[in-house]
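Chains, contacts and geometry: an overview
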Amino acid sequence: RSTPTALSAARYGLAGASVGDYALFAGGQVGSTSYSAVVDAYTTNLTRSTPTALSAARYGLAGASVGEYALFAGGYTGSAYSNVVDAYNTDLIRSTPTALSVQRHGLAGASVGNYALFAGGENTSRVATVDAYSTDLTRYTPTTLSTVRNWPAGASVGNYALFAGGHSVYLSAVVDAYYTDLSRTVITSLSVARQSVAGVSIQSYALFAGGHTGSSYSTVVDAYNTSLTRSITTELSVAREWLAGASVGDYALFAGGYTGSAYSNVVDAYSTLVS
């Protein structure tokens, strides 16, 4: 683990996704009533730039990648729950494909096969809805999560998209796995039940980092391999929730979040060697 250049602004409830040679971190909350549309982009050598902003400032959105696009979906604008999806291509040009089927924030994104999935979240209540976008950005609605929950995390490994943790009636350690045909199974749970976790994929692992356990902020990083076996790797440098994950080149990045006393601009980078 290393700590590259910080985000352009400390914030939490942001989202991460990757496209081409970039890892993108978008949106988030920067104060008690201030929301961000900023997008920070990191190259394969971890140099940071700021491409075109989101179409609307919001937090609690989710990111996922499919084909030639990084997608940022949903969120809360400060006055309404959003179903907006912003798509960035490999040149970081932004477009707005078909909206989510349900307006919501606190959802999670992950990719598998030819689909980017957005799962869970809440508006007036928690939902189990899953929206899937194909490589041409057509939207489908596959099998729902095994339980309704908000603030889960998404990441991909091998032939699976995983959605981990969150809050249902209680804090959850459940991990739902979607196969390339979008069929769903339930696999080994997280080591600690928690919400507001971040997920990211790197080489043969899906990593789930940080979050809130109900009594404390977490530095725990759970790693799932292509056989969906779980292990625990090096902890985050700072305990925090509502952080975001994205990968670029040989690195998985975890950025931003809330420490319990401050908004964070810290970025932790994990190399392809998970230990």
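Below is a summary of the structure that appears in this document. (Residues numbered from 1 in each chain as written. Predicted model: local features only at pLDDT ≥ 70, side-chain atom pairs only at ≥ 80, totals over all residues. Heavy atoms only, no water.)

**Section: the packing of aromatic side chains**
The tally for this structure, following the rule as stated, stands at 20 aromatic pairs. Ring geometry for Tyr12 and Tyr59: centres 5.9 Å apart, planes at 70 degrees, overall edge-to-face. Pair noted here: Tyr12 is in the segment before strand E1 (15-19) and Tyr59 is in the loop between strand E4 (48-49) and strand E5 (62-66), with a separation of 47 residues, a long-range link. Of the two residues examined, Tyr12 and Tyr59, each falls in the buried class. Taking the centre distance of 6.2 Å and the plane angle of 80 degrees together, the rings of Tyr35 and Tyr76 count as edge-to-face. (Phe/Tyr/Trp six-rings, centres within 6.5 Å; stacked < 30°, edge-to-face > 60°. Helix = DSSP H or I, 4+ residues; strand = E, 2+ residues; numbered from the N terminus. Buried < 20%, exposed > 50% of the residue type's maximum accessible area, 1.4 Å probe, protein only.)

**Some details on the side chain of Asn150**
Following the sequence through the fold, Asn150 ends up in the loop between strand E12 (139-140) and strand E13 (153-157). Within the structure, the side chain of Asn150 is placed 2.7 Å from the side chain of Glu122, a separation counted as a polar contact. For Asn150, the side chain forms a polar contact with the side chain of Arg126, separated by 3.2 Å. Discounting chain neighbours no more than four positions away, the residues touching Asn150 are Gly106, Gly121, Glu122, Arg126, Gly166 and His167. (Polar contact = N/O pair within 3.5 Å; in protein donor to acceptor, adjacent residues only side chain to side chain. Contact = heavy atoms within 4.5 Å.)

**As for the sheet that holds E12**
The strand order E9-E10-E11-E12 describes an open sheet built from four strands, whose pairing is antiparallel. Two strands close off the open sheet at either side, each with one partner strand: strand E9 (108-112) and E12. Taken together, the two bridges between strand E11 (residues 130-134) and E12 define a ladder with antiparallel strand orientation. The residue bridging Ala132 from the neighbouring strand is Tyr140, located in E12. (Pairing = 2+ DSSP bridges.)

**Observations concerning the pairing of strand E6 (residues 69-73)**
Along E6, four of the five residues are buried, which leaves the element largely enclosed by surrounding structure. Bridge count between E5 and E6: five bridges; the pairing is antiparallel. Residue pairing in the sheet places Ser65 in a bridge with Ala70 of E6. In this antiparallel pair of consecutive strands, E5 and E6, the connection spans two residues, and Gly67 shows a positive phi of 55 degrees.

**Structural notes on unusual backbone geometry**
Most of the time, phi is negative for any residue but glycine, and the peptide bond is trans. Its identity as a non-glycine residue notwithstanding, Leu182 has a phi of 70 degrees, on the positive side. Turning to its location among the elements, Leu182 is positioned in the loop between strand E15 (171-179) and strand E16 (184-187). Judged by its relative accessible area of 11%, Leu182 is buried. Of note, Trp242 is a non-glycine position whose phi angle comes to about 55 degrees, a positive value. Within the element layout of this structure, Trp242 appears in the loop between strand E20 (230-233) and strand E21 (244-248).

**Section: the nonpolar core**
Among the nonpolar cores identified, the biggest contains 15 residues, and Leu162, Val175, Ile187, Leu190, Phe208 and Tyr224 are the most heavily contacted of them. When contributions to this core are tallied by element, the ones reaching two or more residues are E13, strand E14 (160-167), E15 and strand E18 (205-209). Residues contacting Ile187, with those up to four places away along its chain left out, are Leu162, Val175, Ala177, Tyr224 and Leu228. (Core = buried A, V, L, I, M, F, W, Y, C linked by side-chain atoms within 4.5 Å.)

**As for the side chain of Ser196**
Its location among the elements puts Ser196 in the loop between E16 and strand E17 (198-202). Among the residues examined, Ser196 registers a relative accessible area of 1% and is labelled buried. Filtering out sequence-adjacent residues up to four positions away, Ser196 remains in contact with Trp151, Gly211, Glu241, Trp242 and Leu243.

**A short note on the sheet that holds E5**
Note on sheets: strands pair through backbone hydrogen bonds, and any given pair is parallel or antiparallel. Ordered by their spatial adjacency, four strands build an open sheet running E5-E6-E7-E8, and the pairing between neighbours is antiparallel. In this open sheet, the two edge strands, each paired with only one partner strand, are E5 and strand E8 (94-95).

**Brief notes about the pattern of salt bridges**
Any two side chains of opposite charge can pair, given that their charged atoms come close. Counted according to the given criterion, the structure contains seven salt bridges. Where Asp40 meets Arg11, a salt bridge forms, and the shortest distance between an N and an O atom there is 3.1 Å. On the criterion of sequence distance, the pair formed by Asp40 in strand E3 (residues 39-42) and Arg11 in the segment before E1 is long-range, its members being 29 residues apart. Judged by its relative accessible area of 0%, Asp40 is buried. (Salt bridge = Lys/Arg side-chain N within 4 Å of Asp/Glu carboxyl O.)

The analysis is restricted to geometry; functional conclusions fall outside its scope.
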